[in-house]
Structure formats: structure tokens, C-alpha cells
Amino acid sequence: MQRSRGVATGAIVALLGCQEPERPRFIADPVLPTADPEPALVDPDEVPRPDTLSPCGAATVELEFLRPDLYFAIDASGSMLDGIPYGQASASSPTAIFAPGNRYIALSYAIQTLLLRVGHRVRYGATLFPTADVTCDAGEEILPLTPGDTVSFAVSGELGPVLRQLMFSINRRTPRGGTPVAQALNGLLPKLSGRGPEIYVFLVTDGGPNCDFNAACGPEECIPNLERVQLSPDLTCAAPINCCDGSIFGPDSCLDASGSQAAVEALARAGIRTFVIGIPGSDAYADVLDELARAGGLARPGSPSYYRVSDADELTETVSTLGITIALSCTIELTEPPPDPTLVNVFFDGQLVPADPVDGWTFSDAQTVQMLGQACALMQAGQVLQADIVAGCPIVIK
């Protein structure tokens, strides 16, 4: 949603319509600290080298596995400069970096925290929508799907060149304009179709989708009316006034529920599933976000169907939990079957994991390795930085 509160009618029309408003003042790039990785099995001073732990007298080779793809569709509308509570942990931390009330910086930090932890296990990319200096469009891809930095950066807790490029592109943006969810997601379809079997879009927004210039709506579906935007000290967007009338904000401020749902469904038909995360400011659009979450194929159990977060800490936790679940799955799909399945071993952070149908691993089919019991629990807890499948030595069975 666009920033609109507390300005005169003429200014609001310029801000929410197609007219080009004066750009907000430049906000300096935030300096974000690198997050410390969670406790893992690996010595933080060394990069895991599983091949050195397989002295069987034979040549060994790491088998390639399919990387899941994480793609971030980031709401960069003007309201993303508005407030988000710290959360209990950040509020009590002397190193908290969130400018009180900046949703955009909080989201930036959440993405960085996740990718610093698991970026080496995935490919990732991102689009900011709308494009800078444009009120309503499909947005700007700031990073196409790209393999993350090597595991050495996760071990050291430092940003590698790929993650550094992404964070620079996010942090240099001053949020402004509308929330063109349908246009942004439709723009992703040709970029992501056919790129891989496991593509996950993270749609993170703080408002209702809009920017359909062909829309028509009454006050009940007009975003300024839903948010009770104040036109003047004595005049508020409330029925019978329809602030989506062309003489006030215009039809592009209508809630674009159907167009956004159609865009999510088109991605789902192409095998691209969507997580929907609503941050403070989006509560009025819970029904719409629920529909998008269900259409995206990754609805959370219970109600709401989308992932609702209430503060900066919860945003970081939600993004991290979802991303880690994907990146550190208990199922590892190899790009092709190993030449000899009896000459395969699994390593967690350089440490051998014996084959064991209870607490180790097994082949569930010719090219799928399934972690079980304690080994799976370690993966799901995010305590494994790097899992390697190595061929060449006789399988070690517990």
C-alpha cells in the first residue's frame, strides 16, 4: 500500500494515482550486522572437507544434488517505511538495528539472516515491486536465480559476494508507490518457469494488492476507505464517499484480490509454489491473503492460512524457519543415480553419518537419499550447515 496518511487531498491523489509524486528523501543504506550461525556440528575455524574423511584408498567424488530455489517477491511500496515493533528479543538487545517503525529494514534483515545460514544450499533471487520511481508496475528483478555463496561464508558468518550484492540492491531502495502484487507475480512466471522442480516464492507484503487500472469498486473494496485515509482534518475516506472514484484516488486504489489470486494460481500451475507472509499493516486484508496462501499451495495449517507476523523478531523467525525447512530437507535428491550405491557415504559438516534405517540414512529410490531419526532431526533443527553425498568408498553401516 502507498503512504497516504495525513496529507491533503491533492497530495494524496498524486501519491496514489499514476501521477509522479515528489520522491521521498533518500534513506542511507542501513548497516546490517552479520548474524551468527546457529550451533552446528562443524568447527567454525574450518570448512568441511568430507573427502579427507574417506581414506579407503579409492578416488572419491561428491555427488551433485538438486538445489531448491528460493525467490523473494518483496513489497517495496511506500507504506513499508511505516512501523513494525521490535519484538521482545530485539527490544532488549543493545545491538538491535531496526529503525523503530521501518518494516522494509526488518524484512531486509530477515532475508539476510536466512541466506547467511542456508544460502550455500540453494539458489535464490529477488524482485522488488514496484520499480523505483514508478507507482505501479511489475517491479525490478535485482537478482536472478543464482547459486548462493560457498559454505565457507556460512561457517565464518560473513556475507559472500552473491549475498552482499543482493543485500546492497535491497538496502539502497527507498520504498514508494503502490502494491502491484498481480503485476509482480505475473512478471515472475516467465523468469521462473522451467528453472527447476522445487521453486518457492516468498511473497512478503504489508498491505492489500492494488494497481489494477481497469478496476472498479465501491467503498467496501477501496483501500483508502478500508484504511480510513484522512483527506483533510474534517474529511475521511468512509462510505458513502468512495475514495477510489476517479476524482480522488482513482480505480488503481481498488483492492485487486482476483487479479492477485489469478497470478498466484498461474505460478502454481507451473509448479511454482508461494508462501504468503503478511507483516503489520496487512491485517485488514487477511481474507485476501488467506486466499492467496491457499492458491499458492503452501498455506499454513489452521487459521489464518497465510503466515501472519506481528513484529520484527517474528518476521525473522518465520522467514528463517520456512527457508531452513526447504534448504535442509530430510530428503536429498541427487541429479543422477550413483554408479554404485554400495560405494556411497553421507557426511554432515564433514562428519560421517553411517547408513542406518533408524537414526541414519537410506536410499528411498535410485537417486534419493532419505535422512531418518536423529539424522533427520539434526537437519530439521538447522544444526547442519552442509550435507555431502560422497561416492567412492564402501558404505559405512551402523
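Check the entry above for the structure.
Quantities reported herein were computed from a predicted structural model and do not represent experimental measurements. (Residues numbered from 1 in each chain as written. Predicted model: local features only at pLDDT ≥ 70, side-chain atom pairs only at ≥ 80, totals over all residues. Heavy atoms only, no water.)

Q: Lay out the pattern of salt bridges in plain terms, naming residues and giving numbers.
A: All told, the structure shown has 5 salt bridges when counted by the stated rule. Asp206 is the salt-bridge partner of Arg103, the closest N and O atoms lying 2.6 Å from each other. Here the residue Arg103 occupies a position in helix H3 (residues 103–118), and Asp206 occupies one in the loop between strand E5 (199–205) and helix H7 (223–226), the gap between them amounting to 103 residues. You can call Arg103 buried: its relative accessible area is 10%. For the salt bridge of Arg308 with Asp283, the shortest nitrogen-to-oxygen distance reads 3.9 Å. In this pair, Arg308 sits in strand E9 (residues 307–308) while Asp283 sits in the loop between strand E8 (272–278) and helix H9 (286–296), placing the two residues 25 residues apart along the sequence. (Salt bridge = Lys/Arg side-chain N within 4 Å of Asp/Glu carboxyl O. Helix = DSSP H or I, 4+ residues; strand = E, 2+ residues; numbered from the N terminus. Buried < 20%, exposed > 50% of the residue type's maximum accessible area, 1.4 Å probe, protein only.)

Q: How would you sum up the side chain of Asp137? Please name residues and give values.
A: Its place among the elements puts Asp137 in the loop between strand E3 (123–129) and strand E4 (140–147). The side chain of Asp137 sits in the buried core without any salt bridge; Arg173 is the nearest counter-charge, 7.4 Å away. Only 2.7 Å separates the side chain of Asp137 from the side chain of Thr131, close enough to count as a polar contact. Separated by 3.0 Å, the side chain of Asp137 and the backbone nitrogen of Gly139 make a polar contact. Among all residues touching Asp137, those that are not within four sequence positions of it are Pro130, Thr131, Pro180 and Gln183. (Lys, Arg positive; Asp, Glu negative; His and termini not counted. Polar contact = N/O pair within 3.5 Å; in protein donor to acceptor, adjacent residues only side chain to side chain. Contact = heavy atoms within 4.5 Å.)

Q: Can you explain unusual backbone geometry? Please cite residues and give values.
A: The omega torsion across Ala239 and Pro240 is 10 degrees, close enough to zero to call that bond cis. In this model, Asp133 sits at a positive phi of 70 degrees, which is unusual for a non-glycine residue. The topology assignment puts Asp133 in the loop between E3 and E4. A residue is classified by how much of its surface remains accessible, and Asp133, at 38% relative accessible area, is partly exposed.

Q: Which residues make up the packing of helix H8 (residues 257–269) against H9, and what are the values?
A: The N-to-C vectors of H8 and H9 enclose an angle of 15 degrees; their axes lie 8 Å apart at closest approach. In terms of their interaxial angle, H8 and H9 are classed as roughly parallel. Read as a crossing pair, H8 and H9 show a hand that is right-handed. Judged by residue contacts, Ala257, Ser260, Gln261, Val264, Glu265 and Ala268 of H8 engage Val288, Glu291, Leu292, Ala295 and Gly296 from H9. (Axes fitted to C-alpha atoms, helices over the stretch in contact; angles between N-to-C directions. Parallel < 35°, antiparallel > 145°, perpendicular 65-115°, else oblique. Left-handed = near helix turned anticlockwise from the far one by under 90°.)

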